[in-house]
Amino acid sequence: MKKVFKNILLWHFLPVIGSFIILLFSFDINDANSTQIKNNAKNIPVKRPLNLLSLEESADTIFNLVQKIGAKPVANIKRTRLKKNENLSMALKRINFENYHVSKIIKTITELNKGHKILSSLPVGMIIHYSKPSNITGGALKLNYTKTKDIFVWQDINDKYNSQVFLRPSRTEETLIKGVIKNNLYISALKSGMPENTLLEMISLLGFSIDFQREIRSGDSFEVLFTKKIDSLSDLVTETKPINYVSINLSGNKLNFFNYKDKYGLPQYYDENGKSSKRTIMKTPINGARLSSRYGNRKHPILGYTKMHRGLDFAAPSGTPVFAAGDGFIEKAGWNGSYGKYIRIRHTGTYKTAYAHLSGFHKNVRIGKRVKQGKIIGYVGSTGRSTGPHLHYEVIKNNIQVNPMKIKLPAGKNILKADINNYKNHITKILNLKIALEKSNRNNKIAINDHHNSKKLVLN
Ligand SMILES: [Zn+2]
């Protein structure tokens, strides 16, 4: 996790570090080339050790390319950025490329596949590495025009301009990020080095089970395992794959979810027992009851006038058990005016359910306690403004009652019994990978500390 954060920092300081290194580097090349060119102007540059250049991929690759292709030698590699309202030819003129070279460079790029389109859609801020043409050195450009592709332009030994698109090399890396929440999950996760994509994925995946507004406490912790694609030249993350495993520890209450692809190859998440991460809310939180009054306008049986009925009524004998419609927290359990004995469960930040006219509460029901879907919370009664024993059931979305029959929550399907052994093997593999990553993260930490120490010594 440190590494990603370091990369972000590095990215911010790259222009500064980069120009410093280029400065050093250009002296270096200059020197080498001038000696060499004096001896033999048409010689291909001597192969240089890569480690000298490994900090600055741009100079590295433009120089290496010229060596690889056997192009006209380059010198004084510098960089600039494409400015707003500027096209490539304007940028080249700004850095004092002569018109002759500018038009040859533009021409060779337009001859590429979709060259015109590429030229008209170069991103503002794109880094342009360049070597200016002279009598003895070749003009060359490297345009990092997408996350994954570079265009190289170079002069061959006959001074002719050529161009080619190159794919930037990349690698995938399994990543485990762990963090402790200070005040805010979002900020703490970003600080831990989690890419924003992954963070948003984590939030939507946990959103079925957790109310982020209220359930998160300072000191709660999280861990996420995912695969990222890294640009091998810049070491920047270019892509993140769906989360493989996520775990959140809320005041000792731990939720774990594992990615297991469905038959369509789409990622689905389940807990360690194979229960889907997607929570649904039961439309009928009672067994063997008759729906006696629907949601909508009706003549109120006691008040006598037409009133909006914002719930469902289920007629059932007094004492019939009432279930929690979904996983959540008991928000209210007590007398509530005309509702009589009343329970309200908060399921997520968005959904709540309420149960009214109860005769009594289950002994485990207390405000603030977690309940599981399908557990008994109370019993049918006729308390409050009621004509006879029934359950009045409400689904509340963003604090407004909605029709329980019409809510569309993604119904989560659990792992099938026939597949449970495969699933358990799968999660064992993920957990083993996690342990291996924990080990290597610890080792990296030690290495980073050593690195800092040695740096300090050099500075002193
Ligand atoms: Zn009712």
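The model shown is predicted, which means the values in this text are computed figures rather than measured ones.

Caption draft 1: Structural context of the overall build of the protein chain. Scanning the protein chain for helices and strands turns up eight helices and 23 strands. Per-residue burial over the protein chain gives 31% buried out of 460 residues. Sequence separation of 24 or more characterises 61% of the internal contacts of the protein chain that already satisfy a separation of 6 or more.

Caption draft 2: Fine view of the sheet that holds strand 3 (residues 140–143). Taken in spatial order, the five strands line up as 1-2-3-4-5 in an open sheet, and their pairing is antiparallel. Two strands close off the open sheet at either side, each with one partner strand: strand 1 (78–81) and strand 5 (161–167). The mean inter-strand angle of the sheet, taken between neighbouring strand axes irrespective of direction, is 20 degrees. Here strand 3 runs beside strand 4 (residues 149–155); their pairing, made up of four bridges, is antiparallel. By the bridge assignment for strand 4, Leu143 is matched with Ile151. Across the sheet, helix 4 (residues 99–110) touches strand 3, strand 4 and strand 5, and the angle it forms with strand 5 is around 50 degrees.

Caption draft 3: How the structure looks around the nonpolar core. Ranked by internal contacts, the top residues of the largest apolar core, which has 31 residues, are Val322, Ile343, Tyr355, Leu358, Ile377 and Leu391. The residues touching Leu391, leaving out its near neighbours within four places in the chain, are Ile286, Ala289, Phe314, Ala316, Val322, Tyr355, His357 and Val380. Counting 26 residues, the second-largest nonpolar core is a separate cluster that includes Ile62, Val74, Tyr145 and Trp154.

Caption draft 4: Representation of the environment of Asp159. Mapped onto the fold, Asp159 is located in the loop between strand 4 and strand 5. Classification of Asp159 as partly exposed rests on a count of 13 C-beta atoms within 10 Å.

Caption draft 5: Molecular detail of helix 4. In this model helix 4 runs 16 Å from its N-terminal to its C-terminal C-alpha over twelve residues, within 8% of the 16 Å that 1.5 Å per residue would give. When we look at burial in helix 4, the residues that qualify are Ile105, Thr108 and Ile109. When helix 4 is viewed along its axis, its buried side chains cluster within an angular range of 100 degrees and face the same direction. More than 90 degrees from the buried face of helix 4, the exposed residues found are Asn99, Tyr100 and Lys107. Buried residues along helix 4 sit against helix 3 (88–94), helix 5 (115–120), strand 3, strand 4 and strand 5.

Caption draft 6: Representation of the pairing of strand 10 (residues 253–261). Sheet topology note: the strand 9 (residues 245–250)/strand 10 ladder contains six bridges and is antiparallel. What sits directly across from Ile248, in strand 10, is Leu255. Linkage of strand 9 to strand 10, two consecutive antiparallel strands, is achieved through a turn of two residues, within which Ser251 is found at a positive phi near 45 degrees. Of the pairings in the sheet, the one linking strand 10 to strand 11 (residues 267–270) comprises four bridges and is antiparallel in character. If you follow Lys261 over to strand 11, its bridge partner there is Pro267. Counting the residues between successive antiparallel strands, the hairpin from strand 10 to strand 11 contains five residues, one of them, Gly265, with a positive phi of roughly 80 degrees.

Caption draft 7: Examining helix 7 (residues 196–206) more closely. Taken residue by residue, helix 7 has Thr198, Leu199, Glu201, Met202, Leu205 and Leu206 as its buried positions. Relative to the axis of helix 7, the buried residues are bounded by an arc of 160 degrees and lie together on one face. In helix 7, those exposed residues whose orientation departs by more than 90 degrees from the buried face are Glu196 and Ser204.

Caption draft 8: Local environment of unusual backbone geometry. Even without glycine at this site, Lys114 takes up a positive phi of about 60 degrees. As for its placement among the helices and strands, Lys114 is situated in the loop between helix 4 and helix 5. At His357, a residue that is not glycine, the phi angle is positive and equals roughly 65 degrees. Relative to the helices and strands, His357 resides in strand 19 (residues 351–361).

Procedures and definitions
Residues numbered from 1 in each chain as written. Predicted model: local features only at pLDDT ≥ 70, side-chain atom pairs only at ≥ 80, totals over all residues. Helix = DSSP H or I, 4+ residues; strand = E, 2+ residues; numbered from the N terminus. Buried ≥ 20, exposed ≤ 12 C-beta atoms within 10 Å, placed from the backbone. Contact = placed C-beta atoms within 7 Å. Pairing = 2+ DSSP bridges. Axes fitted to C-alpha atoms, helices over the stretch in contact; angles between N-to-C directions. Core = buried A, V, L, I, M, F, W, Y, C linked by C-beta atoms within 7 Å. Expected span 1.5 Å × (residues − 1). Arc of directions from axis to C-beta.

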